[in-house]
Amino acid sequence: MRVLPVLLASTALLGGCATPMEPAPGGPPMAADGNDCAVIAAIAKEHYRFNTTDNRPPPIRFEGDYAPRCDWSRYGLAFTAYNPDAPGDPRERVRWVSFARTVYDGRGAVVETGIMHGPLAGMGYECRVISGIAAWTVPEGSCRNTWVS
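Keep in mind that what you see is a predicted model, and the values were worked out from it rather than measured. (Residues numbered from 1 in each chain as written. Predicted model: local features only at pLDDT ≥ 70, side-chain atom pairs only at ≥ 80, totals over all residues. Heavy atoms only, no water.)

## Quick notes on the overall build of the chain
Link 1 in the chain: When its secondary structure is counted, the chain shows two helices and seven strands.
Link 2 in the chain: From first element to last, N terminus to C terminus, the chain shows the α and β order α-α-β-β-β-β-β-β-β.
Link 3 in the chain: Put simply, the chain has 149 residues, and 32% of those count as buried.
Link 4 in the chain: Sequence separation of at least 24 residues holds for 48% of the intrachain contacts in the chain that already meet a minimum separation of 6. (Helix = DSSP H or I, 4+ residues; strand = E, 2+ residues; numbered from the N terminus. Buried < 20%, exposed > 50% of the residue type's maximum accessible area, 1.4 Å probe, protein only. Contact = heavy atoms within 4.5 Å.)

Here's what the structure looks like:
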């Protein structure tokens, strides 16, 4: 008979652990889905091979009304926001990497992404990302070309 109250108490405690954490006051806001930032970071690091030293990413932009706010330094990345009206060389405004809204399914997630290195020098991809034990990963060959300019 004493097992039931103990079981109910432990279930209540475990349920509290599953509650999503709110961002700390004053800290960076989380994306609509807390995994979006990690999924994008996995593509940035594993597909594009961006890092903070020898392969810095171009400015980042998002498609449509999608705009997750991420703490990129947490993932070892240093993105700047894309500004189509930035002053200076107009060819620099054609440099960017973009990400569309992440779509989750039973096999992981799919993201439409693209990169422009300059005028008429870019490629688009659809990347499949899977959730590993400790992080999201981009398996070899899981990004297929969708456009070339």
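Right, picking up where we left off after that structure.
## Things to note about the confidence of the model for the chain
Link 1 in the chain: With 78% of its residues at a pLDDT of 70 or more, the chain shows a mean pLDDT of 82.
Link 2 in the chain: Considering only residues more than four positions removed or in separate chains, one finds that residues 1–32, a stretch of pLDDT under 50, has 11 contacts. (pLDDT = per-residue confidence, 0-100.)

## Some words on the pairing of strand β4 (residues 108–118)
Look at any regular strand and the pattern is simple: side chains alternate between the two faces of the sheet.
Link 1 in the chain: In terms of burial, β4 is a largely internal element, nine of the 11 residues being buried.
Link 2 in the chain: Sheet analysis places strand β3 (residues 103–105) next to β4, joined by three bridges and oriented antiparallel. Paired with D105 across the two strands is G108, which belongs to β4.
Link 3 in the chain: Here β3 folds back onto β4 in antiparallel fashion, the turn holding two residues.
Link 4 in the chain: As paired strands, β4 and strand β5 (residues 121–131) are joined by nine bridges and run antiparallel to one another. Residue pairing in the sheet places E112 in a bridge with E126 of β5.
Link 5 in the chain: The turn joining β4 and β5, which pair antiparallel and follow one another in sequence, is formed by two residues; a positive phi near 55° is taken by L120. (Pairing = 2+ DSSP bridges.)

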